[in-house]
Amino acid sequence: MRVIEIRGKGGPEVLAVAERPIPACGAGEVLVRVAAAGVNRPDVQQRKGLYPPPPGVTDIPGLDVAGVVEAVAPDVTWPRPGDAVCALVAGGGYAEYCVVPAPQCMPIPRGFSFAQAATLPEVFFTAWNNVFWLGRIAEGETLLVQGGTSGVGMAAMQMARELRGATVIATSSSAAKRAVCLDYGAHHVVDYREADWPDQVRALTGGAGVDVILDGQGGDYTPLEMALLAPDGRLVLIASHRAPKAEISTRDIYIRRLTLTGSTLRARPAAYKGRIAQELVAQVWPLLEAGRIRTHICATHRLEDAAAAQAVLDANAQIGKLVLTVSDLAETVP
């Protein structure tokens, strides 16, 4: 099968097409013939040597796939061979075939093409885990999303608004991206390049502060965001693109009853991810099928053009998700 390998640490040029054997599925797993795969920022971090796969996971990048089940282990009752699925994986998505733990598979939402379905797993799993489970977003609360036009940001904004009636504030860097944020669930958008962006956010809450912040920047943003939290507020970190360290007031945490937390999903067990999958299918998939929550494909690239897709992420030029078309089924609706 054709795969994309990472040949050394560096820029997109270290990605190369290679041939490898088709993997066999073990206990609790299924083999998916991949039609389309998502391109995510963790793939870029892996290419740079900053986010290695967990022990025992393939070195082939790619965290979400959509395709047709080719084979299943004897202990798997669903999905079955021939089923169209999308799935979150710990690696291996940039390939013609991918092994997936069965609990992490989900049916493709009605009316979605394989390419559209490939945009769903990584960002919706991440947003659900961090905003709904760790952030404990409650009915009518206020959510601040740093970087609203990322795939995770767009998923988080829409789910919080649709499922919790949340007031959503997003940050973004350009007029075009701010317009997209407003179209995908944000009530308000501020430009994080402006020095007074925290004051703008605070003013939008009437001085009360926000209840949940989803942030992938870290560094010097962390104390600013903690200061923006309302009493009992939660700051959830999913990356540290600005810097891995920050100076914060621990006194604020206990005086104002704040929660500072974060996560990565990649090394979590299949059972944990399976519980998220079940909740997404039950609560979010109907909204996707009804058009009340949408996904946005920034661009599609052929598998062999994975380097070009990752270059878009390197330039921070994406809005929504980038997709690799792996087979001629990618644009079809199953």
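What counts, and where the lines are drawn
- Residues numbered from 1 in each chain as written.
- Predicted model: local features only at pLDDT ≥ 70, side-chain atom pairs only at ≥ 80, totals over all residues.
- Heavy atoms only, no water.
- Helix = DSSP H or I, 4+ residues; strand = E, 2+ residues; numbered from the N terminus.
- Rg over C-alpha atoms; globule rule 2.2 N^0.38 Å.
- Buried < 20%, exposed > 50% of the residue type's maximum accessible area, 1.4 Å probe, protein only.
- Contact = heavy atoms within 4.5 Å.
- Salt bridge = Lys/Arg side-chain N within 4 Å of Asp/Glu carboxyl O.
- Axes fitted to C-alpha atoms, helices over the stretch in contact; angles between N-to-C directions.
- Parallel < 35°, antiparallel > 145°, perpendicular 65-115°, else oblique.
- Nonpolar A, V, L, I, M, F, W, Y, C, P; charged D, E, K, R; others polar.
- Polar contact = N/O pair within 3.5 Å; in protein donor to acceptor, adjacent residues only side chain to side chain.
- Bend = angle between axes of the 7 residues up to and from the residue.

**Q** Could you give an account of the overall build of the chain, with specific residues and numbers?
**A** Secondary structure assignment for the chain yields ten helices and 15 strands. On C-alpha atoms alone, the chain measures out to a radius of gyration of 19 Å, which is about the 20 Å that the 2.2 N^0.38 rule sets for 334 residues. Structurally, the chain occupies a C-alpha span of about 55 × 40 × 35 Å along its principal axes. Looking at the chain as a whole, 53% of its 334 residues are labelled buried.

**Q** Pulling in residues and values, what's your account of the environment of Thr222?
**A** Looking at the element boundaries, Thr222 is found in helix H7 (residues 221-228). Placed 15 residues apart in sequence, Thr222 and Leu237 show a C-alpha to C-alpha distance of 8.9 Å. Excluding residues that lie within four positions of it along the chain, Thr222 makes contacts with Leu235, Ala246 and Ile248.

**Q** Quick rundown of the pattern of salt bridges? Include the residues and the values.
**A** Applying the stated rule across the entire model yields 19 salt bridges. The partner of Arg234 in a salt bridge is Glu141, with the nearest N and O atoms 2.6 Å apart. Of this pair, Arg234 sits in strand E12 (residues 229-237) while Glu141 is found in the loop between helix H3 (121-134) and strand E8 (142-146), placing the two residues 93 residues apart along the sequence. Ionic contacts of the salt-bridge type, sharing partners, join the residues Arg2, Glu96, Arg302, Glu304 and Asp305 into one network.

**Q** Give me the lowdown on the packing of helix H4 (residues 151-164) against helix H9 (residues 270-289), citing residues and values where you can.
**A** The relative placement of two packed helices is expressed as an angle between their axes plus a distance between the axes. Direction vectors running N to C along H4 and H9 enclose 95°, while the axes themselves pass 11 Å from each other. The angle between H4 and H9 falls in the class roughly perpendicular. Residue-level contacts link Met159, Glu162 and Leu163 of H4 to Leu280, Gln283, Val284 and Leu287 of H9. Its residues placed into classes, the contact of H4 with H9 shows five nonpolar, one polar and one charged.

**Q** Any details on the side chain of Gln46? Residues and values, ideally.
**A** Looking at where Gln46 falls in the secondary structure, it is placed in helix H1 (residues 41-47). A distance of 3.0 Å separates the side chain of Gln46 from the backbone oxygen of Asp59, its partner in a polar contact. In contact with Gln46, other than residues within four places in its own chain, are Ile6, Tyr51, Pro53, Asp59, Ile60, Pro61 and Arg266.

**Q** Quick one: what's the story with H9, residue by residue and with numbers?
**A** The sharpest bend along H9 reaches about 40° and sits at Val281. Of the residues making up H9, those classed as buried are Tyr272, Lys273, Gly274, Ile276, Ala277, Leu280, Val284, Trp285, Leu287 and Leu288. Summarising the contacts, the buried residues of H9 are in contact with strand E5 (84-88), strand E7 (105-107), H3 and H4. Where H9 ends, the next residue or the one after it, Gly291, has phi of about 80°, a positive value.

**Q** Would you mind going over the environment of Ile6 in detail, with residue names and values included?
**A** Within the secondary structure, Ile6 sits in strand E1 (residues 2-6). When the C-alpha atoms of Ile6 and Ala16 are compared, they prove to be 6.6 Å apart, with ten residues separating the residues in sequence. Sequence-distant contacts of Ile6, defined by excluding residues within four places in its chain, comprise Val14, Leu15, Gln46, Arg47, Asp59 and Pro61.

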